Amino acid sequence: MSSEVVRQNRDYWEQLAPHRPGEPVEFFRDGGSAVTQAELAVLGDVRGRRVLQLACSVGDEALSFAKLGATATAVDLAPSHLATGRAKAAALGLPVEFIEQDMMNLDPNISGFDIVYISWGGICWVPDIRRWTAIIAERLNRGGVLVISEHHPLWEILTVRDENSLSVSSDYFGIGRDGYSDPSKAPQVTQRIGTPKVPHRSYIWNLGAVVTAVIDAGLTVRSLQEFPEQDSYEGLGETSTYVPATYLLTARSDG
Ligand SMILES: C[S@@+](CC[C@H](N)C(=O)[O-])C[C@H]1O[C@@H](n2cnc3c(N)ncnc32)[C@H](O)[C@@H]1O
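The structure displayed is predicted, hence computed values, not measured ones.

This next bit is on the overall build of the chain. Helix and strand counts for the chain stand at nine helices and 11 strands. Each principal axis of the C-alpha atoms in the chain carries an extent, and together these give about 50 × 40 × 40 Å. Summarising the internal contacts of the chain: among those between residues at least 6 apart in sequence, 72% fall at separations of at least 24. Carbon and sulfur atoms form 49% of the exposed surface of the chain, whose accessible area is close to 11,500 Å². Taking the average location of the 22 positive side-chain charges in the chain and that of its 32 negative ones, the two points are 5 Å from each other.

What follows covers the environment of Ala 55. Inspection of the secondary structure puts Ala 55 in the loop between β1 (50–53) and α4 (60–67). The spacing of Ala 55 and Ala 74 is 19 residues in sequence and 7.7 Å in space, taken between C-alpha atoms. If near-sequence neighbours (up to four positions away) are discounted, Ala 55 is found in contact with Val 75, Asp 76, Met 103, Ile 118 and Gly 122.

Close to the ligand lie 17 residues; Arg 20, Ala 55, Asp 76, Asp 102 and Met 103 are nearest. Within the contact set of the ligand, an oxygen atom lies 3.0 Å away from a side-chain nitrogen or oxygen of Arg 20. Within the complex, 94% of the 600 Å² of free accessible area of the ligand lies under protein. Its residues placed into classes, the shell around the ligand shows eight nonpolar, five polar and four charged.

Let us look at helix α5 (residues 79–92). Look at α5: 20 Å from first C-alpha to last across 14 residues, which is about the 20 Å you get at 1.5 Å a residue. For α5, the set of buried residues is His 81, Leu 82, Gly 85, Lys 88, Ala 89 and Leu 92. All buried residues of α5 project into a common sector of 125° when viewed along the axis, lining one side. If you follow the buried residues of α5, they end up packed against α1 (3–16), α2 (25–29), α4, β2 (71–76) and β3 (96–100). Backbone geometry just downstream of α5 places Gly 93 in the positive-phi region, at approximately 65°.

Attention shifts here to helix α6 (residues 129–139). Among the residues of α6, Ile 129, Trp 132, Thr 133, Ile 135, Ile 136 and Arg 139 are the ones counted as buried. Taken around the axis of α6, the buried residues stretch over an arc of 155°, which confines them to a single face. Of the residues flanking the start of α6, the one acting as N-cap is Asp 128, its side-chain oxygen 3.2 Å from the backbone nitrogen of Arg 130.

Across all of its chains, the model carries seven aromatic pairs by this definition. The interplanar angle of 85° and the centroid separation of 5.8 Å between the aromatic rings of Tyr 12 and Trp 13 together place this pair among those described as edge-to-face. Pairing Trp 13 with Trp 125 gives two aromatic rings, centres 5.6 Å apart and planes at 80°, and the pair type is edge-to-face. Residue Trp 13 is found in helix α1, and its partner Trp 125 is found in the loop between β4 (113–119) and α6; the two are separated by 112 residues along the sequence. What makes Trp 125 buried here is its relative accessible area of 9%.

The rules behind each value
Residues numbered from 1 in each chain as written. Predicted model: local features only at pLDDT ≥ 70, side-chain atom pairs only at ≥ 80, totals over all residues. Heavy atoms only, no water. Helix = DSSP H or I, 4+ residues; strand = E, 2+ residues; numbered from the N terminus. Contact = heavy atoms within 4.5 Å. Areas by Shrake-Rupley, 256 points an atom, 1.4 Å probe, with all protein chains shown as cover. Lys, Arg positive; Asp, Glu negative; His and termini not counted. Charge placed at Lys NZ, Arg CZ, Asp CG, Glu CD. Near = heavy atom within 4 Å. Polar contact = N/O pair within 3.5 Å; in protein donor to acceptor, adjacent residues only side chain to side chain. Nonpolar A, V, L, I, M, F, W, Y, C, P; charged D, E, K, R; others polar. Expected span 1.5 Å × (residues − 1). Buried < 20%, exposed > 50% of the residue type's maximum accessible area, 1.4 Å probe, protein only. Arc of directions from axis to C-beta. Phe/Tyr/Trp six-rings, centres within 6.5 Å; stacked < 30°, edge-to-face > 60°.

Without other data, these values stay purely geometric and don't point to any function.
As structure tokens, this is what we get:
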């Protein structure tokens, strides 16, 4: 990724930071978790495992893994998001290390993980999926697992027109996009505060590209699930659950 794109994307995310604090500390204290049941079902017991969350924002999932007994490292470009995450980890007394890094240029010391995890609008900031999976394969321990829990690329390109009607608003094979042609695909907070007036570039990775990059990095695909979610296609009516909204991929390092 050119450093110019990284700088722009960081500026974009910094502007969102004050409006996107994630879950409050009380949420975690009251037993809440940002990790889904589907994720836990494929991961099993995370106690004692080393987790790396990429593009973590405020790291609510890393905090949730730590609450379950894992040791977590959380990486993001945007310092203000990391500061919020650090404050939450300190208030909760959880072992999460927040590190400011471009996930495409990870420090060699950020290595030796049992789980590498990315979710909900993280993979769309990866500019080169093949390089990204190669980096992850290097950082996983033998037997370690990559978990991608993401918006489905079909959801990324489909816009609700009215009941039972979708239109195609982006290119499934197009990869890079400057801004969002459909504002409902932008970070949800922008629907409340508007779009920051700075350029930003994100990417749509179709399922074939993701799976092939994972396999070519030497990882073994263990599962690929697609899920419907009514709220993701609000206004579509009954058929809103006929199209995939999210996916969950796991792949293991046998090397
Ligand atoms: C939608 S959030 C991440 C999802 C997270 N699970 C959540 O729900 O908050 C996207 C994050 O990606 C980060 N990001 C974008 N490009 C990045 C890069 N090259 N390296 C690391 N983080 C990046 C942004 O700073 C932002 O915090």
